[in-house]
Amino acid sequence: MELYQHQKEFLSKNPNKSALVWSCGTGKTRTAIEWAKETYSSIIICPKALKANWIRECKRWGLSGMRVLVITKEEFRKGWDLYSAYDSLIVDEVHNGFLTPHYKSQMSKALRDYIKKNKTKRILLLSATVYSSSPWNIYQLATLLGYKLDWWKFNNTFFN
């Protein structure tokens, strides 16, 4: 199946760190799989209900020859420190637990610590709804992608 123009445009940029904040049904999964083909290995973190779909789509679009690990977000939260380094990291439905500030969420703390421990260079975060409860979701998204926002300035701008 031919890629859509917006998918081709994203892939032509080949970013090391990015977020696909596209509406439902716009091809985030396929685009992420094509993006992952630029590396030798990928770890994909997704909700439990989507794990079988990710495994099927990885096989369908040609990631089966690579070192690919598809795990649920719960599996990741419990054992993040047991997983070895992968060339690329994909987090589907990143708004579900990962975009809460570190001090409130074991999930976001685990992801931050995994990225830091393994010096993950390629990160792709997927969601149709990254802003789900507060501006802190956006702050956390930027932090996971390697942006160093000024916490005091952000806090004063959006909360004080």
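### A short note on the sheet that holds strand E1 (residues 17-20)
Spatially, the five strands line up as an open sheet ordered E1-E5-E4-E2-E3, and their pairing is parallel. The open sheet has two edge strands, E1 and strand E3 (67-72), and neither has a second partner. The average undirected angle you get between the axes of adjacent strands in this sheet is 15 degrees. One ladder, built from six bridges, connects strand E2 (residues 41-46) with E3; its direction is parallel. Across the sheet, residue Ser42 finds its bridge partner in E3, namely Val68.

### Here we look at the environment of Ile138
Examined against the element boundaries, Ile138 turns out to sit in helix H6 (residues 136-144). As for Ile138 and Trp152, which are separated by 14 residues in sequence, their C-alpha atoms are 15 Å apart. The residues touching Ile138, leaving out its near neighbours within four places in the chain, are Val130 and Tyr131.

### Examining the side chain of Ser105
Positionally, Ser105 belongs in the loop between strand E4 (88-91) and helix H5 (106-118). A polar contact of 3.2 Å, which involves the side chain of Ser105, links it to the backbone nitrogen of Met107. Ignoring any residue separated from it by four or fewer positions in sequence, one finds Ser105 in contact with Gly97 and Thr100.

### Focus: H6
Among the nine residues that make up H6, seven are buried, leaving the element largely enclosed by the rest of the structure. Within H6, the full set of buried residues consists of Trp136, Asn137, Tyr139, Gln140, Leu141, Ala142 and Leu144. At the C-terminal side of H6, Gly146 shows a positive phi close to 95 degrees.

### Describing the environment of Lys48
Structurally, the position occupied by Lys48 is in the loop between E2 and helix H3 (51-60). A C-alpha to C-alpha distance of 33 Å links Lys48 and Asn155, two positions 107 residues apart in sequence. Excluding residues that lie within four positions of it along the chain, Lys48 makes contacts with Thr72 and Glu74.

Calculation notes
- Residues numbered from 1 in each chain as written.
- Predicted model: local features only at pLDDT ≥ 70, side-chain atom pairs only at ≥ 80, totals over all residues.
- Heavy atoms only, no water.
- Pairing = 2+ DSSP bridges.
- Helix = DSSP H or I, 4+ residues; strand = E, 2+ residues; numbered from the N terminus.
- Axes fitted to C-alpha atoms, helices over the stretch in contact; angles between N-to-C directions.
- Contact = heavy atoms within 4.5 Å.
- Polar contact = N/O pair within 3.5 Å; in protein donor to acceptor, adjacent residues only side chain to side chain.
- Buried < 20%, exposed > 50% of the residue type's maximum accessible area, 1.4 Å probe, protein only.

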